[in-house]
Amino acid sequence: QAPLVESGGGVVQAGGSLRLSCAASGRSFSGYTIGWFRRAPGKGHEFVAAIRWQGDTTYYADRVKDRFSITRDNAWNTVYLQMNNLKLEDTAVYYCAANRRPALAVKEPEYDHWGQGTQVTVSS
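What counts and what doesn't
- Residues numbered from 1 in each chain as written.
- Predicted model: local features only at pLDDT ≥ 70, side-chain atom pairs only at ≥ 80, totals over all residues.
- Heavy atoms only, no water.
- Helix = DSSP H or I, 4+ residues; strand = E, 2+ residues; numbered from the N terminus.
- Buried < 20%, exposed > 50% of the residue type's maximum accessible area, 1.4 Å probe, protein only.
- Disulfide = S-S within 2.5 Å.
- Pairing = 2+ DSSP bridges.
- Axes fitted to C-alpha atoms, helices over the stretch in contact; angles between N-to-C directions.

Please explain unusual backbone geometry as it appears in this structure.
Working note: non-glycine residues mostly have negative phi, and peptide bonds are mostly trans. With a phi angle near 50°, N85 is a residue other than glycine that sits in the positive phi range. Summarising the element assignment, N85 is placed in the loop between β8 (78-83) and β9 (92-99). By relative accessible area, N85 is classed as partly exposed at 42%.

In structure tokens form, the structure reads like this:
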């Protein structure tokens, strides 16, 4: 089983909202930065957002920064991605990933542990 498990994906109309969850499975990710990536059909992984363990530092891709919000609940070892005002181009498989690098990472190779992804489909 993957060390991280995503949930909350689904089909939503443009302009709607979804909240994705990323939960640790079988281990703790205490001290880890958690990032969200997405992969649209025929494209590579695209960075979406990341949050440090303390939750005091977040970073967003320009395409989502005014619409998405990343938070974490360390007591429950869970990270959330609130997605509002969804657009057709947000359709993708969304993955969460973890790393322990000191700097906030935005590139796929910088993350060491990955989930299996959850599908988000935005319809017109």
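Before we go on, may I ask you to explain the state of the cysteines in this structure?
Where two cysteines share a covalent bond between their sulfur atoms, that bond is called a disulfide. What the rule picks out here adds up to 1 disulfide. The residue that forms a disulfide with C22 is C96, at a sulfur-sulfur distance of 2.1 Å. For the disulfide bridge between C22 and C96, the dihedral angle about the S-S bond is near 75°, and by the sign convention the bridge is right-handed. Here the residue C22 occupies a position in strand β3 (residues 18-24), and C96 occupies one in strand β9, the gap between them amounting to 74 residues. Residues C22 and C96 agree in their burial class; the two are buried.

When you look at the sheet that holds β3 in this model, what are you seeing that I'm missing?
One key point about sheets: their strands pair by backbone hydrogen bonds, in either a parallel or an antiparallel sense. A sheet is described by the order of its strands in space; here 4 strands give the open sequence β1-β3-β8-β7, paired in antiparallel fashion. In this open sheet, the two strands that pair with only one neighbour each are β1 (4-7) and β7 (68-73). Across the sheet, the mean angle from the axis of one strand to that of its neighbour is 15°, orientation sign disregarded. Pairing of β7 with β8 involves 6 bridges; the strand directions are antiparallel. Residue pairing for β8: S69 is matched across the bridge by Q82.

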